[in-house]
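Fold and contact review
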Amino acid sequence: MRDPIAALVRQEGWRAEGAAARVHYEGGSDRYAVEFYAETPRVLYWSVPTDDEGETAAPVPRDGVPDPLRRRIREDLDEAGIDPDVERREL
C-alpha cells in the first residue's frame, strides 16, 4: 500500500482500494463516494444513488459538491500529510 493511501485509511471512514483510497459521505438526501488516487494525485467525487434508485454512480464536477464535504476532504488530506490543494486539481 502506498504511503499516502496508508495515511488516509487512518482517517475516519477511509479505506484502501488498490492505488486509491475511498470514503463515503451522506448528507441529507445526497450520497457521495470520494476517491483519492495516489499516482496522479487527484480527488474524484461520485454521486452514489440509493439502492432504491437502481442507477449507477456518476462523476460529479467540483462545483456540484457541497463546500462542507470539500473542506472535510481537504482536512483529511492535510491530516494524512498530503497537500490539501490536490483536492482542487481538475482532471
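Residues numbered from 1 in each chain as written. Predicted model: local features only at pLDDT ≥ 70, side-chain atom pairs only at ≥ 80, totals over all residues. Heavy atoms only, no water.

**Re the side chain of Glu 35**
Assignment of secondary structure puts Glu 35 in strand S3 (residues 30-37). A residue is classified by how much of its surface remains accessible, and Glu 35, at 5% relative accessible area, is buried. Here Glu 35 is in contact with Ala 21, Arg 22, Arg 42, Val 43, Leu 44 and Trp 46, once residues within four sequence places are set aside. (Helix = DSSP H or I, 4+ residues; strand = E, 2+ residues; numbered from the N terminus. Buried < 20%, exposed > 50% of the residue type's maximum accessible area, 1.4 Å probe, protein only. Contact = heavy atoms within 4.5 Å.)

**Quick notes on the sheet that holds S3**
Read across the sheet, 5 strands follow the order S1-S2-S3-S4-S5 without closing on themselves; strand pairing throughout is antiparallel. Edge positions in the sheet fall to strand S1 (15-17) and strand S5 (58-59), since each has one partner strand and no second. Judged from the 3 bridges that link them, S1 and strand S2 (residues 20-27) form a sheet pairing that is antiparallel. Bridging across to S2, Arg 15 finds its partner in Arg 22. Together, S2, S3 and strand S4 (42-47) form the strand contacts of helix H2 (residues 67-79), whose direction differs from that of S4 by roughly 145°. (Pairing = 2+ DSSP bridges. Axes fitted to C-alpha atoms, helices over the stretch in contact; angles between N-to-C directions.)

**Quick look at the pairing of S4**
In this sheet, S4 lies alongside S3 in antiparallel orientation, the contact comprising 6 bridges. By the bridge assignment for S4, Tyr 37 is matched with Arg 42. Counted between consecutive antiparallel strands, the loop separating S3 from S4 contains 4 residues. Strand direction decides the pairing type here: S4 and S5, joined by 2 bridges, are antiparallel. When the sheet's bridge partners are listed, Ser 47 is paired in S5 with Ala 58.

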